[in-house]
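# A closer look at the structure
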Amino acid sequence: MRALRGRSGMTAPSAAPAGAPSGPKRTRSNRWTVALAVALVAWTVALAVITSSSSLLSWHFFATGATGLVGADGLHLYANNPGYQIGPVAFLATVLLSPLGASGAKVVAAVLMSAAGPACLALLVPLLPARLRGPRVWWALFAIVPGWVVLSVRWGHLDDVLAMVFSVLALRCVLRRRAALAGLLVALAAASKPWAIEFAPLLLGVDRRVWKVAFGTLAAGLAATWGPFILAAPGTLQALTPSVLLAPGSGLYALGFRDATVPAWDRTVAFLAASAAATAAQLRGRWAGVLVVALAVRIALDPQDNAYYVGSVVIAAAVYDVFGTRWRGPWLTLVSTAVLWQPFTEDWNNRLATTTSYAHWWFSNPAIVGWIHLAWCVGTVALVLLGPRTDIGEARQVPVVV
């Protein structure tokens, strides 16, 4: 808590927040905090190790893209590789890991990405009023890990990890009235994963007087990160919206789309719909649900049904559980994990012959799975938009050091 400075220039100690534990109670509270933090680390490590038997399955995209980025034709990277849906910031982060060697970079990346999920959510906790902390926050931190390691360890999608970390940090800056930094962080999120631009409505949460600052910084950040590629190769924009194969387990398939590939316009429609839903959540006072609403709409209109989507969702759902509700448990996070969780098999081509029980049912009924996912999307959007408002001022009044 910041100290109070009087007219004399002397610094007076800050008063403890109301309801804060003191003396022996504070000591016991600190011990429990340390014990739970150790347990959270152990839980994360255990699940990461279990998942590591088949890990970083998508890392080759980052290694190849990073090599291309620093090559002689680096600014034509996207025009020459229209399949890339990874932003330059994610490739640059991969470049920074390259001195560790191929194996070392993968290990360090997996460790850092696994830690990033719980860490970025923990950075929001100091903004939560003291009366709303306690076990419910710890439950949320523990609940995100199973879904998060699917993203960070199993598939190793550094772009999605960075997008969510930057977006959560942007939300923190919005709550602390740091408009310029919030805009920059949203730009970095979109420069890590293009679809993260759908989180731009977060910036509507800053004071109206500084909307220009927030969105101006966002525009400047996008220009600085994506501009060089577009200017050097105008085909970059078209390359970022390739036609994608339609998966029978996707929300788009459940909505009735049946063509083998989905044209580029689907990306535009998904962007507009997700941005509109996120804007509605922000303007209706449901700021804690902006991230999860945007993701829900995007998943509903996504032609694919990738397993790692659950990682981004659990972070966004936990933000809503902790800040947008008064629930004692992270129910949206838990339901989202259960609904979006996908069984894994290394022998994909023979998945129906080599799997049993739930995994066999899941692989045998993609259309039903698609309907379940679509129902989750609709239910999540309705939960946020029709749920109670959250006073953003209450989070802003919580004193924090940084």
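Refer to the structure above for everything that follows.
To keep things clear, this report deals only with the structure shown in the data block. Worth saying up front: this structure is predicted, and the values here are computed from it rather than measured.

### Observations regarding the overall build of the chain
- A tally of helices and strands in the chain yields 19 helices and four strands.
- What you see for the chain is a C-alpha radius of gyration of 22 Å, in line with the 21 Å of a compact globule of 402 residues.
- Dimensions of the chain, computed from the C-alpha atoms along their principal axes, are close to 70 × 50 × 45 Å.
- Looking at the chain as a whole, 51% of its 402 residues qualify as buried.
- Residue pairs at least 24 apart in sequence account for 73% of intrachain contacts in the chain once pairs closer than 6 positions are excluded.
- When the accessible surface of the chain is split by element, carbon and sulfur atoms take 67% of a total near 18700 Å².
- Charge-centre separation for the chain: the mean point of 30 positive side chains lies 19 Å from the mean point of 14 negative side chains.

### Side note on the packing of aromatic side chains
- Using the criterion set out here, one finds 16 aromatic pairs in the structure.
- Between Tyr320 and Trp327 the ring centres are 6.4 Å apart and the planes differ by 80 degrees, which places this aromatic pair in the edge-to-face class.
- For Trp327, a relative accessible area of 30% gives the class partly exposed.
- Feature note: the residues Trp59, Phe62, Tyr78, Tyr84, Phe91, Trp226 and Phe229 constitute an aromatic cluster, connected by ring pairs.
- Above the ring of Phe344, the side-chain terminus of Arg154 is found at 4.1 Å from the ring centroid.

### Structural notes on the layout of surface pockets
- Its boundaries defined by the atoms lining it, the second largest pocket holds a volume of some 1200 Å³.
- Every residue lining the second largest pocket is counted, 41 residues in all, and those nearest its centre are Gln85, Pro194, Trp195, Leu240 and Arg267.
- Those elements that provide at least two residues to the lining of the second largest pocket are α2 (59-69), α7 (158-175), α9 (211-232) and α12 (265-283).
- Of the residues that constitute the lining of the second largest pocket, the class distribution is 22 nonpolar, 11 polar and eight charged.

### Concerning the nonpolar core
- Counting 117 residues, the largest nonpolar core has Trp59, Tyr78, Leu124, Phe199, Phe323 and Trp376 as its most contacted members.
- Considering each element in turn, this core owes the most residues, 13 residues, to α7.
- Not counting the four nearest positions on each side in its chain, Leu124 is found in contact with Val168, Leu171, Arg172, Val319 and Phe323.

### Things to note about helix α8 (residues 179-190)
- Helix length check: α8, at 12 residues, gives a terminal C-alpha distance of 17 Å against a target of 16 Å (1.5 Å per residue), a fit within 8%.
- Every buried residue of α8 is accounted for by Ala179, Ala182, Gly183, Leu185, Val186, Ala187, Ala189 and Ala190.
- At its buried positions, α8 is contacted by α7 and α9.

### A short note on the packing of helix α14 (residues 309-324) against helix α15 (residues 331-340)
- The interhelical angle for the contact between α14 and α15, taken along N-to-C directions, is 160 degrees, at an axis separation of 7 Å. On the basis of the axis angle, α14 is roughly antiparallel to α15. In the packing of α14 onto α15, the handedness of the crossing is right-handed. Along the contact surface, α14 presents Val310, Val313, Val314, Ala317, Ala318, Tyr320 and Asp321, while α15 presents Trp331, Leu332, Thr333, Ser336, Thr337 and Leu340.

### Considering α7
- With 18 residues, α7 extends 26 Å between its outermost C-alpha atoms, agreeing within 8% with the 26 Å of an ideal straight helix rising 1.5 Å per residue.
- When you tally the buried positions in α7, you get 17 out of 18 residues, the bulk of the element.
- At the C-terminal side of α7, Arg177 shows a positive phi close to 60 degrees.

### Some details on the pattern of salt bridges
- Applying the stated criterion across every chain, the model contains five salt bridges.
- Taking the shortest distance from any N to any O, the salt bridge between Arg177 and Asp207 comes out at 3.8 Å. Of this pair, Arg177 sits in the loop between α7 and α8 while Asp207 sits in the loop between α8 and α9, placing them 30 residues apart in sequence.
- Assessed through its relative accessible area of 25%, Asp207 is described here as partly exposed.
- For Arg298, the salt bridge identified is with Asp302, shortest N-O distance 3.4 Å. Residues Arg298 and Asp302 agree in their burial class; the two are buried.
- Here the salt bridges do not stand alone but share partners, grouping Asp159, Asp160 and Lys193 into one network.

The rules behind these values
Residues numbered from 1 in each chain as written. Predicted model: local features only at pLDDT ≥ 70, side-chain atom pairs only at ≥ 80, totals over all residues. Heavy atoms only, no water. Helix = DSSP H or I, 4+ residues; strand = E, 2+ residues; numbered from the N terminus. Rg over C-alpha atoms; globule rule 2.2 N^0.38 Å. Buried < 20%, exposed > 50% of the residue type's maximum accessible area, 1.4 Å probe, protein only. Contact = heavy atoms within 4.5 Å. Areas by Shrake-Rupley, 256 points an atom, 1.4 Å probe, with all protein chains shown as cover. Lys, Arg positive; Asp, Glu negative; His and termini not counted. Charge placed at Lys NZ, Arg CZ, Asp CG, Glu CD. Phe/Tyr/Trp six-rings, centres within 6.5 Å; stacked < 30°, edge-to-face > 60°. Lys NZ or Arg CZ within 6 Å of the ring centre and 35° of its normal. 1 Å grid on protein atoms, 1.4 Å probe; cavity = no way out; pocket = protein on both sides within 12 Å on 5 of 7 lines; lining within 4 Å. Points joined across faces, edges and corners; volume = space filled by probe spheres on them. Nonpolar A, V, L, I, M, F, W, Y, C, P; charged D, E, K, R; others polar. Core = buried A, V, L, I, M, F, W, Y, C linked by side-chain atoms within 4.5 Å. Expected span 1.5 Å × (residues − 1). Axes fitted to C-alpha atoms, helices over the stretch in contact; angles between N-to-C directions. Parallel < 35°, antiparallel > 145°, perpendicular 65-115°, else oblique. Left-handed = near helix turned anticlockwise from the far one by under 90°. Salt bridge = Lys/Arg side-chain N within 4 Å of Asp/Glu carboxyl O.

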